[in-house]
Amino acid sequence: MLPYTVNFKVSARTLTGALNAHNKTAVDWGWQGLIAYGCHSLVVVIDSNTAQTLQVLEKHKADVVKVKWARENYHHHLGSPYSLRLASADANGKIIVWDVAAGVAQCEIQEHAKPIQDVQWLWNQDASRDLLLAIHPPNYIVLWNADTGTKLWKKSYADNILSFSFDPFDPSHLTLLTSEGIIFISDFSPSKPPSGPGKKVYISSPHSSPAHNKPAATTGAKKALNKVKILITQEKPSAEFVTLNDCLQLAYLPSKRNHMLLLYPREILILDLEVNQTVGVIAIERTGIPFLQVIPCFQRDGLFCLHENGCITLRVRRSYNSVFSTSNEEPDLDPVQELTYDLRSQCDAIRVTKTVRPFSMVCCPVNENAAALIVSDGRVTIWELKSVVCNRSSRGSGSGVSPLYSPVSFCGVPVGVLQNRLPDLSLDHMIGQSAIAGEEPPEGSPLQEVHLRFLLTGLLSGLPLPHFAIRMCPPLTTKNIQTYQPLLAVGTGNGSVLVYHLISGLLHKELSMHSCEVKGIEWTSLTGFLSFATSAPNNMGLVRNELQLVDLPTGRSIAFRGERSNDEPPIEMIKVSHLKQYLAIVFKDKPLELWDIRTCTLLREMSRNFPAITALEWSPSHNLKSLRKKQLATREAMARQTVVSDPELSIAESSVISLLQEAESKSELSQNISAREHFVFTDNNGQVYHLTVEGSSVKDSARIPPDGSMGSITCIAWKGDTLVLGDVDGNLNFWDLKGRVSRGIPTHRSWVRKIRFAPGKGNQKLIAMYNDGAEVWDSKEVQMVSSLRTGRNVSFRILDVDWCTSDKVVLASDDGCIRILEMSMKAPCLRMDEQELLEPVWCPYLLVPRAALALKAFLLHQPWDGQCLLDISQVDYPENEEIKDLLQEQLNSLSNDLKNILLDPGFTLLQRCLLVSRLYGDESELHFWTVAAHYLHSFSQDKSAVRETASWEKANTPLDICYDILCENAYFQKFQLERVNLQEVKRSTYDHTRKCTDQLLLLGQTDRAVQLLLETSADNQHYYCDSLKACLVTTVTSSGPSQSTIKLVATNMIANGKLAEGVQLLCLIDKAADACRYLQTYGEWNRAAWLAKVRLNAEECADVLKRWVDHLCSPQVNQKSKALLVLLSLGCFSSVAETLHSMRYFDRAALFVEACLQYGVMEVNEETEKLISAVYVDYARSLKHLSFKQGAVLFASKAGAAGRDLLDELDCPQEDLTEEE
């Protein structure tokens, strides 16, 4: 118990409960590893690993409808450090941008007073990391600078906008989901609003589309349904086919370019946006549970789906054997009909009731191996995916589902089966690429088949629905300091009592004790309390009263009044005496009962003519001290066996002496002394009665006539010589019993519901609760200290109040929360690093920027002095001890599996870079090192003489297709052929056929293109052109005259605005390089890169992509991070290092140069040596600024001659090193 006593500090905090309907979609999982969600007008931040509440943000005046973490897609350094930024939007149209670590609002944004429909940070953060796009109802999109609150531009549309989705492959593409259809915007830019109204298309609901009215074919209803379904049209669908657009969600697929999903309650549709056609459908059987939400994955082509019963399922795209040849051979008879997503794993459902239903799901954006479910009752469940290696022979052959294999590589580098690895680090570490999953791996290959399982790893429960009755345990004193725990008992509407430990804010015990709403709680000791509940009245107005006495350590509960509780008037209040000896029970229409708490016996039931009680309070005065004095003297006298001569004792009555002598034989005398205590109560007329209780006797001491200025008294509080009364009209009457004066204060706040004095000797503060709020008063000065009133600034109504410590109050409110506040009753502004947590949390974002970056360098540059270590004190890091302790706490909080990996000397630099970027949730670094690791390994294999060993690996592990244009050319071509084949299978109109033909011609699939051209019917207006085109394609020869003619025609077409047609003709005569140049000239950079990847040889393709890199680096485009990735894919490693250095990304440049030298892919000559030295010196200097001396010395010494000056500086005394900090 000592930690609670020595460091006893109850922080201001908020205990949250059930959510509001507005909070349904207000949840987000940040790259930092934290989950934020809305709870009424609060924003709650929890740690996804330990499921602990880290922060509760309170500033909104209305329900929170959206929360979004800022992206981490930028280079982090001292100028742009790791920081916890969150945007939250409410139902009144206000957006607040928070510094979550400090608990303060950085910026407030307001445009209109209607609920924000959607809000997102721009993902491309090269130009600025502060841009936030929001939908302000009904039809405005506004771009804000979230750092300053400045509106950059505003654009309105004709339809009501419901939500939007950014294309993850192109920051200029944005799609709006409106009440009528979809609007595609292709010129989104931070600098100016989109120019036109966008391209508007209509979606007809799948359940009302014509396809559903057609009879199912014999080959199966699903195949027929998907073959003919047209969902996207330029014309508005006719009324008989569209009842209501019940599309729940629209989202781009981050795993492959130009694909989008539409979510309906019973179907997920995958659209290919090049042909605006459904290419895949996930349909639920008639008895299945409808969808609520879907989150598409980036690392693998998978979908996390949330169903209406709270079950989360993972579906992964089924892979097929390669059915597409790159030549013009006849395709297979039964090509892939559609994209199919197989159910791979599902978690347990929840019990859905009227008040308990799933709200929303979020997925870990870094690793995509965990999902969190937010439930309406305030619960958060965190489910993690785990992979289980299974025996190939035991595989169920009847399932029809292709097997999943674990990948060969770990953290970007191929490893053996026995090497140290974390199979569940992320989704792409669990399952290999689906491109190879359809083919049985060769014998002896390191691939292992895996199954996926969901495992519940975190559960956070909230408070139940209000109403609440709260009571703090007896206060801390010098006598109970060794055993004291700050416990708060919360009685709930469902009859249970929750006991919270207020240092951690966690639930200490939950006791289900009553069958109806708990009305009040009174503590009888530090470890026990009484609680009462009353059932609904019968037709005579009588109820069943439940009064339970609970012992907390054992959880034992007894019915305090035994069998007396049935069919009687309801209990209105219970009051425990100051010494916890007596209990007064006040009923509605029944006389008072007085009980002895220690023996659970009834001392007295008042007579029928006893006055009706409106308020009652026990006096803090008693005669226990004098009784103990007498007892002590008696014991001494008995011990001496002498005549009692003490004058003070001689006046004691013989009955008292005999009582003490009787008690002497018992082990604890003081327990059996019945000290005299007093209580006062008021009747309906306002008359004050003063009664004395001693043992079983109750005496009427005095009556004080009513005060004419007071109405009916509703509550009384008594401390020391001060008695305070409150009435129905909001008057407070302060009685000074010593000075015999009273003072009435009209508060004009209506009914005073409760008055409570603060604990602590001489502390005369009190809290008064009204219908519309609460006030803290100083009864000594008779003046108000602070006030809280429900209304404009406070959205909740107070249900109950109490003191938690001598300077903090506890408020229970109707938004289902319990707030522990300072005496000022202002919303708490808490720093996250001040919170008392039971479990340590890995979150380097909580460290000061210098320390977070130093910790990163410490992890990256292992081993130190030839030894891998996780003890920061063993390196030369002249920082103050407090910061070093915080760094060590962070290192200690890592899991044992991660520690083993980090301490493994065989863990390479590249793997370390990838792992640390995942640990830090650094989006920019993760993408950079993923591509870098792949191509460094790939190019080093090309250089090495031993090609046989790597041939199988390299052929089967290309870069994932989610990196699109960065993939190897052969893999990219294969994917595009699969895609165009699927488009061909799905085509249903002439327009679709024409688009397929164009793609086939660009891909060089001339025979299939001719077949499609000849399908054009004679009554089509394009019949003649298509027939001639078919003839042209089949008769193109490589003779000089025909080539020059076609080239001339193509250039004329391009000059006259027919770019696509001209490019097609150039591709027909194998002039794709010229076609790419024309596309780039006309600003079609993405199209040019695509064409170069599918048609040109490596050298020509590299030329086209290098021109694209120059364009991306230009100031008006400013997408240097993408340019770096393109250079990596080309193997231009020196250019990458140079560009990184010029961008002042010194840490990344130094690590990249080291990795290149390790893999032997960078030629060391005079020019590169100069670059390497410059990179190392600049990095060493940046480490010096972080006070990380050992790292600075390491890189300064690697820099050779260029680093000597810096080494001399570092050898200076420590004062010089840190004077600039």
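What comes next is a walk through the structure. None of these values were measured; they are calculated from a predicted model. (Residues numbered from 1 in each chain as written. Predicted model: local features only at pLDDT ≥ 70, side-chain atom pairs only at ≥ 80, totals over all residues. Heavy atoms only, no water.)

1. A word on the environment of R1008
This is how it is decided: Note on conventions: DSSP H or I runs of at least 4 residues are helices, E runs of at least 2 residues are strands, and numbering of each starts at the N terminus. Residue contacts follow a heavy-atom distance rule, with two residues in contact if any of their heavy atoms lie within 4.5 Å.
Relative to the helices and strands, R1008 resides in helix α15 (residues 1006–1013). With 24 residues separating them along the chain, R1008 and E984 place their C-alpha atoms 9.8 Å apart. In this structure, R1008 is in contact with V980, N981, E984 and L1000, ignoring residues within four places of it in sequence.

2. Structural notes on the nonpolar core
To keep things clear, this is the line we draw: Think of a nonpolar core as a cluster: buried Ala, Val, Leu, Ile, Met, Phe, Trp, Tyr and Cys residues, connected wherever their side-chain atoms sit within 4.5 Å. Any residue under 20% of the maximum accessible area for its type is buried, any over 50% is exposed, and the rest in between are partly exposed; the area is computed with a 1.4 Å probe on protein chains only.
Membership of the largest hydrophobic core comes to 182 residues, with the highest contact counts inside it found for Y37, L1091 and F1152. Here this core takes 9 residues from helix α7 (residues 849–860), the largest share from any one element. With 31 residues, the next largest nonpolar core counts V490, L511, L552 and I820 among its residues.

3. Quick notes on the packing of aromatic side chains
We count it as follows: Any Phe, Tyr or Trp ring, taking Trp's six-membered ring, that has another such ring centre within 6.5 Å forms a pair; planes under 30 degrees apart are called stacked, those over 60 apart edge-to-face, and the others tilted.
A full pass over the atoms with the stated rule returns 27 aromatic pairs. An angle of 40 degrees between the planes, with centres 6.1 Å apart, marks the rings of F410 and F907 as tilted. A residue pair is termed long-range when its members are at least 10 positions apart, and F410 in strand β31 (residues 409–410) and F907 in the loop between α9 (896–902) and α10 (909–919) qualify at 497 residues. The same class applies to F410 as to F907, namely buried.

4. Brief notes about the sheet that holds strand β12 (residues 140–145)
So the rule is basically this: Should DSSP find at least two bridges between two strands, the strands are taken to pair. Note on definitions: angles span 0 to 180 degrees between N-to-C directions of axes, and those axes are lines fitted to C-alpha atoms, for helices only across the stretch in contact.
Reading across the sheet, the 4 strands line up as β10-β11-β12-β13 and stay open at both edges, with antiparallel pairing between neighbours. One side of each edge strand has no neighbouring strand; the edge strands of this open sheet are β10 (118–121) and β13 (150–156). The sheet shows a mean angle of 15 degrees between the axes of neighbouring strands, taken without regard to direction. In terms of strand pairing, strand β11 (residues 131–136) meets β12 through 6 bridges, oriented antiparallel. The residue bridging L132 from the neighbouring strand is W144, located in β12.

5. Let's talk about the environment of F928
As for its position among the elements, F928 is in helix α11 (residues 923–943). What makes F928 buried here is its relative accessible area of 2%. Those residues in contact with F928 that lie beyond four places of it in its chain are L1125, L1128, V1136, L1140, R1148 and F1152.

6. Overview of the sheet that holds strand β27 (residues 358–363)
Judged by pairing direction, the sheet is antiparallel, and its 5 strands sit side by side in the order β27-β28-β29-β33-β30 without closing on themselves. Strand pairing shows two members of the sheet lacking a second neighbour, β27 and β30 (404–405), which therefore form its edges. Pairing geometry for β30 and strand β33 (residues 449–460), over 2 bridges, is antiparallel. When the sheet's bridge partners are listed, L404 is paired in β33 with V450.

7. Considerations on the pairing of strand β20 (residues 259–264)
The element β20 is extensively covered by neighbouring structure, given that 6 of its 6 residues are classed as buried. Covered by surrounding structure in β20 are H259, L261 and L263 together with M260, L262 and Y264, the residues of both alternating faces. With 4 bridges joining them, strand β19 (residues 249–252) and β20 adopt antiparallel strand pairing. Pairing of Q249 across the sheet is with L263, part of β20. The hairpin formed by β19 and β20 contains 6 residues between the paired strands, and N258 there has a positive phi angle of roughly 60 degrees. In this sheet, strand β21 (residues 267–272) lies alongside β20 in antiparallel orientation, the contact comprising 6 bridges. Looking at the pairing, L262 lines up with L269 of β21.

8. Let's talk about a positive patch on the surface
Our working definition: Each patch is built from residues that are more than 30% exposed by relative accessible area and take part in no salt bridge. Like charges join if they lie within 9 Å; nonpolar side chains (Val, Leu, Ile, Met, Phe, Trp, Tyr) join within 5 Å. With residues, only the protein chains shown are counted as cover, and all accessible areas are computed by Shrake-Rupley using a 1.4 Å probe. The term salt bridge refers to a pairing of a side-chain nitrogen on Lys or Arg with a carboxyl oxygen on Asp or Glu at a separation within 4 Å. Positive: Lys, Arg. Negative: Asp, Glu. His and the chain ends are not part of the count. Here the site of a charge means atom NZ of a Lys, CZ of an Arg, CG of an Asp or CD of a Glu.
Together, K479, K625, R628, K629 and K761 line one region of the surface with positive charge. Its location among the elements puts K629 in helix α4 (residues 624–640). The class of K629 is exposed, set by a relative accessible area of 56%.

9. Details of unusual backbone geometry
For the bond from P137 to P138, the omega torsion is 0 degrees, close enough to zero to count as cis. Mapped onto the elements of the fold, P138 is located in the loop between β11 and β12. Cis peptide bonds are those with omega within 30 degrees of zero, and the linkage from Q862 to P863 qualifies with -5 degrees. Looking at where P863 falls in the secondary structure, it is placed in the loop between α7 and α8 (881–892). Within the chain, S750 stands out as a residue other than glycine whose phi angle is a positive 65 degrees. Its location among the elements puts S750 in the loop between β53 (741–746) and β54 (752–757). By relative accessible area, which is 32% here, S750 ends up partly exposed.

10. Let's talk about the pattern of salt bridges
Evaluation of the coordinates by the stated rule reveals 54 salt bridges. A salt bridge links R317 to D301; its shortest N-O distance comes to 3.1 Å. In this pair, R317 is assigned in strand β25 (residues 312–317) and D301 in the loop between β23 (291–296) and β24 (302–307), connecting sequence segments 16 residues apart. In this structure, a network of salt bridges that share partners links the residues R561, R564, E568, K590, E593 and E605.

11. Points about a negative patch on the surface
A contiguous patch of negative charge, built from E881, E882, D885 and E889, is present on the exposed surface. By the element assignment, E889 lies in helix α8. Residue E889 is classed as partly exposed on the basis of its relative accessible area of 48%.

Taken by themselves, the reported measurements are silent on function.
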